[in-house]
Amino acid sequence: MSINGNRKRIIEEDDEDENEHSNNNNNVNNQRRRLDMQPTQSSGSTPAPASQNYITVPPAKVYMEGSIVRVKLTNFVTYTELEFVPGPRLNVIIGPNGSGKSSIICALALGLGGGPALLGRAKQVSHFIKHGEDHAIIEIELYVQTGNIVIQRLIRKDNSSEYRVNRSKVTANDLHELIRKHKIQVDNLCQFLPQDKVVSFAAMTPTELLQETEKAIGLHDLYENHMKLIEERKNVLQKQTQFSGHEGILEDLKKQNESLEKEVERFKQRKEYLQKVDLFQKKRLWVLVDIAQNEVNEATQARNEIDGRVKALEKEKAPLQKAGDVLKGNIEKLDHESTKHSTDVKKTEQETQRKSAAIEKYNDQIDSFHNELDNIQKRADERLAKIALARQNQQNLTENINNLPNEDVTRAKIEEKNKTLREINVQQGQIRSDISNAKNYLETLNMELRQVNGGLDALSNINAIKLESLRRNAKSVFDAYQNIKMRLKDRFNKTFVVSILLYLPDVNTNWGRDYQIDNLQQYGVECFLDQTFEADKLIKDVLVSTIPLQNIAAGTKASIGKEEELHRKTGIQGFFTPVRSYNYSQSRYGDKNTITRITALKDAKLLSQGEKNNLNRKKQEIEGRLTEAKSAHSKLQDQEQEINRQVKMIHTERQELQSLLDERKKLYSKLHHLNRQIEDMSVEENTDQMKADIKKKIQNAHLHRVNNIREVTNFLLQIGMSMSQRDLVTLKRSKAEAKYRVECAALENLIRQINDLKINLKTAIDQFNVAKKKLQGATEVAEREAPFDDYADMFEGMPDDIEEIDDEIESYNEKARQIGNTDPKVMQDYENRQKEIQTLTNKIGNHKAALEESQARMEELKSEWLIPVREFIADINEKFTQFFKEIRCMGEVLLGYNEKDPDNFEQYSIDIRVRFRDEDPMQSLTAHLQSGGERSVATMLFLISLQGLTNCPFRAVDEINQGMDPKNERMIFDQIVKSANKPGRPQYFLITPKLLHDLEYSKNTTVLCVYTGPWHVNQSEWDKMLKKCIEAKSKSK
């Protein structure tokens, strides 16, 4: 393995600085990531072209079905564009923290259909899109013997995804089915362990670990059979409970029925007597039918006799009705004739009244015409008087108009005032704008002054400020300070000021400098860090013993850009500029290259100085500007008041001029109106013609009045004649009416006799209907309760007399009463329980057979599942124990279960037991008993022990070596190399930020290095350079 270049440079900045750089387009190249594959295998493989012609692909025969042969990322997290080919065995992905190693693992999980929850990093898949881009693309090529599969996932900003397999769009479910088909489980921590899920693996319960291991091994349907056993056990327990419950219920039902047998016998005897009563009651129903039939026959005979008498009287009624109708017709004719004469009289009287009203109307018209002749002359005199008055008012208005000032002169003066106002308004607007600006400036200065005063108030208690900063940034030191202060106060009843020092056993009190300041000043260095603050000598000694402050230079802005030259020429190992710190060290690996660590400086938190002086200077500056601003604001207000006075005066003068124009307009309007009145009144009326017309109207009214008087006289004569004829008709009607009354009396007597007979007939019919209805009812009841054909044989020998039947009924009822009352519910309960007993007997038989079948099926599944589980746990335990012996520790993997209830398959588990020290007992691996490094060692050895058993195409583990000591880390790496590079083993991805030196590698190990830094070339230049190197190497061979 080799690393390009002679030096490696790392930039470490906090999250805010990284976000700031990622948002800055000018620094995109500085944040560019590049991944370079450098396989250690030098022979035994044939290069195969990939998407980039400088990438070599091992031959297909060394890949397992479903292994990853190519990965391409676009706009994913920190990668703009990336494409690489992993090896078929162990792939070690190495790079500094923050370089994008774990992003590759995230891409594998998401690209194979996983969700963000699997990774524990982000809640939404859109968070994996590179900043500033609107989408990301993950492309993964899987090895398949019949032809490789290319899976592509497009991620959009709205959290939607689009999946494609070999360029054809598919659904998420289709992709998951394809992944399952190739035994890929990105959600199984035993196969796929991202960086943020390492803790989740250690936190898994033993039961969960067993189930995840079953999934990872994927043989003999272990996990599916385990789940079936758990479900089958639940079914067996449920059926056993049901079986036991049904047997108890059956025994209780049998005991209850045995206690009721005597009561049931008495019930049956009494039931027999009551059946006899019921039979006689049914016979009684048919006897009542016979009685009802006799009553119907008698009612029919009475009805027929009355009906004959009614028909005879109806024949006598017809002649009487005919004679009465003739008389009635004559009377109606006389009434009609009398009514006609009365109508004629009434109509003539109405016409007479109408003509009389017309005569009165013409009398009123004649009087009105005479009054109108008198008014014509009077109106002519009044018109002449109004014309004279209007002419006098016309002369007065003309004189008033002439007395007003000239209109053009007045308008010129108003326009002059308006022009002056417009000029003043411009000045007034400018002054108001200046006043508003001055006011806003005053408010800004006052707000700045309040902020400065607030800052001074906050700095008034510097000790409290420092304590609060200490509490936020060093909670443990703050708690120690409070504890010591409280103890001193409790002991001496007095408050002390306590200084806190971190105790160090070896304090260097005779320290000196390795560099002279004179040699550093040309690079912008003014002093060393120990000279930038004041403190007691003891404190400085402690600080220098911890960090060599006396040899760390403090530079100014002039030192920026001279960092490399300063280190190269002076050999200084550490110095500060105003924005960054620089620390130089030598790598322990490879060629012992120099490593430069650059850290962005943050604001001071505990030892800030000079803030109060800055605030006081700022306060004096603000107060001076505030005094000047108030003076300028006062002058502007005085100018505004003077302009407002001028504007008010001009408005008053302009209003007076405008009132003169308004007065002239008003007088002209009145004069115009008066001229029109005079013109209208000057038109004279033609009085002679008017008088002649009125006299003609009087003559016509007299003529109409005389004609109406003649017509009234004729109407009065007609009224007299019509009244005489009406009286004669009235006499004839009286004689005809007397004769009609006699005929009607005879007819009414006959009708009364007929009606009486009809009433009797109706009564007879009603009695017949009642008897018939009674017969029908009795027959329906008898047929319903005791159909005659069904009971005819039973009725033989029984009495037909109703009284004898009633005696028999009473006799059998008495016998039933002597037996006593029995509860029908007892018999019903007895019979119902008999049915339940039979039903339960059948059900118990069925349940017993089903229970035996379930138990047999569970035992069969148990054999199929438990034997392979014990075998693979024994294999894991053998390897796990051997691995722990090699690190001089003890470890074992056991199958845990409930010995008292071995069929409780939910409690089966994997118990990982470890002992890292001789004095400790064997303890189960948990998230609480062992340290982080110990858990990492045990986790990795467990995963390595699984390596030969699992049936999966690849496995990925991210930064599992964090927290391990060098010895265990070396051992773990050796075991991974041995296990992962054996033939037939799945592909392996190991992510780590570091590797120990002098590690042993197999020839099948592929190392993928992730580089980052501002001086690296971009991807396209790197590709060209690498291609040239490969071509040159090929030519040299």
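On a predicted model such as this, the values are computed, not experimentally measured, just so you know. (Residues numbered from 1 in each chain as written. Predicted model: local features only at pLDDT ≥ 70, side-chain atom pairs only at ≥ 80, totals over all residues. Heavy atoms only, no water.)

This part covers the overall build of the protein chain. A tally of helices and strands in the protein chain yields 20 helices and 21 strands. Burial analysis of the protein chain (1037 residues in total) assigns 36% to the buried set. In the protein chain, the proportion of contacts linking residues at least 24 apart, taken out of those at least 6 apart, comes to 73%. In the form shown here, the protein chain has an accessible surface area of approximately 63500 Å², with 49% of it arising from carbon and sulfur atoms. (Helix = DSSP H or I, 4+ residues; strand = E, 2+ residues; numbered from the N terminus. Buried < 20%, exposed > 50% of the residue type's maximum accessible area, 1.4 Å probe, protein only. Contact = heavy atoms within 4.5 Å. Areas by Shrake-Rupley, 256 points an atom, 1.4 Å probe, with all protein chains shown as cover.)

So, on to the UniProt feature "coiled-coil region" (unreviewed entry) in the protein chain. Under the local residue numbering, the UniProt record ascribes the feature "coiled-coil region" (unreviewed entry) to residues 220–316, 345–379, 601–684, 747–774 and 802–864. Structurally, residues 345–379 comprises 100% helix and 0% strand, and the distance from its first C-alpha atom to its last is 51 Å. (UniProt positions renumbered as here; feature names shortened; annotations may be inferred.)

All right, on to the sheet that holds strand β16 (residues 890–896) then. Remark on secondary structure: sheet strands pair via backbone hydrogen bonds, oriented parallel or antiparallel. Taking strand neighbours across the sheet as the criterion, the 3 strands line up as β16-β17-β18 in an open arrangement whose pairing is antiparallel. Only two strands of the sheet have a single neighbouring strand rather than two, namely β16 and β18 (923–924). With 2 bridges connecting them, strand β17 (residues 909–915) and β18 associate as antiparallel partners. In the strand pairing of β18, Arg-913 is matched with Ser-924. (Pairing = 2+ DSSP bridges.)

This paragraph deals with the pattern of salt bridges. For side chains of opposite charge, pairing can occur when their charged atoms come near one another. This structure, assessed with the given rule, holds 31 salt bridges. A salt bridge links Glu-448 to Arg-625, with the shortest nitrogen-to-oxygen separation between them at 3.6 Å. Remark: Arg-625 occurs in helix α13 (residues 611–681) and Glu-448 occurs in helix α8 (residues 407–459); sequence separation between them is 177 residues. Ionic pairing is found between Asp-766 and Lys-762, a salt bridge with its closest N-O pair at 3.1 Å. Of this pair, Asp-766 and Lys-762 both sit in helix α14 (residues 687–785), 4 residues apart, which is roughly one turn of that helix. (Salt bridge = Lys/Arg side-chain N within 4 Å of Asp/Glu carboxyl O.)

Assignment of secondary structure puts Gln-930 in the loop between β18 and α18 (932–946). Separated by 15 residues in the primary sequence, Gln-930 and Arg-915 have C-alpha atoms spaced 9.4 Å apart. Ignoring sequence-local partners within four residues, the contact set of Gln-930 consists of Val-914, Phe-916, Gln-923, Ser-924, Leu-925 and Arg-935.

This brings us to the packing of α18 against helix α19 (residues 966–980). Closest axis-to-axis distance for the α18/α19 pair is 10 Å, and the angle between their directions is 10 degrees. With respect to α19, the axis of α18 lies roughly parallel. Note that α18 runs across α19; the crossing there is left-handed. Residues Val-937, Met-940, Leu-941 and Ile-944 of α18 form the contact with α19, whose own contacting residues are Asn-968, Met-971, Ile-972, Gln-975, Ile-976 and Ser-979. The residue inventory of the contact of α18 with α19, partitioned by class, reads 7 nonpolar, 3 polar and no charged. (Axes fitted to C-alpha atoms, helices over the stretch in contact; angles between N-to-C directions. Parallel < 35°, antiparallel > 145°, perpendicular 65-115°, else oblique. Left-handed = near helix turned anticlockwise from the far one by under 90°. Nonpolar A, V, L, I, M, F, W, Y, C, P; charged D, E, K, R; others polar.)

Before going further, it helps to spend a moment on empty space enclosed by the protein. Tallied over the full model, the rule gives 4 cavities of 30 Å³ or more. Here the second largest cavity is characterised by a volume of approximately 60 Å³. Lining of the second largest cavity is provided by Val-914, Arg-915, Phe-916, Arg-917, Asp-920, Pro-921, Gln-923, Leu-929, Gln-930 and Glu-934. Grouping the amino acids of the lining of the second largest cavity by side-chain chemistry returns 4 nonpolar, 2 polar and 4 charged. (1 Å grid on protein atoms, 1.4 Å probe; cavity = no way out; pocket = protein on both sides within 12 Å on 5 of 7 lines; lining within 4 Å. Points joined across faces, edges and corners; volume = space filled by probe spheres on them.)

On the basis of which strands lie adjacent, the open sheet formed by 6 strands has the order β4-β3-β6-β7-β8-β9 and antiparallel pairing. Two strands in the sheet have a free side with no partner beyond their single neighbour: β4 (79–84) and β9 (168–170). Averaged over all neighbouring strand pairs, the angle between strand axes comes to 20 degrees, with direction disregarded. Sheet topology note: the strand β3 (residues 68–76)/strand β6 (residues 135–142) ladder contains 6 bridges and is antiparallel. Of the residues in β6, the one forming a bridge with Thr-74 is Ile-137. Helix α2 (residues 101–111) contacts β3, β4, β6 and β7 (149–156) of the sheet and is inclined by roughly 105 degrees relative to β3.

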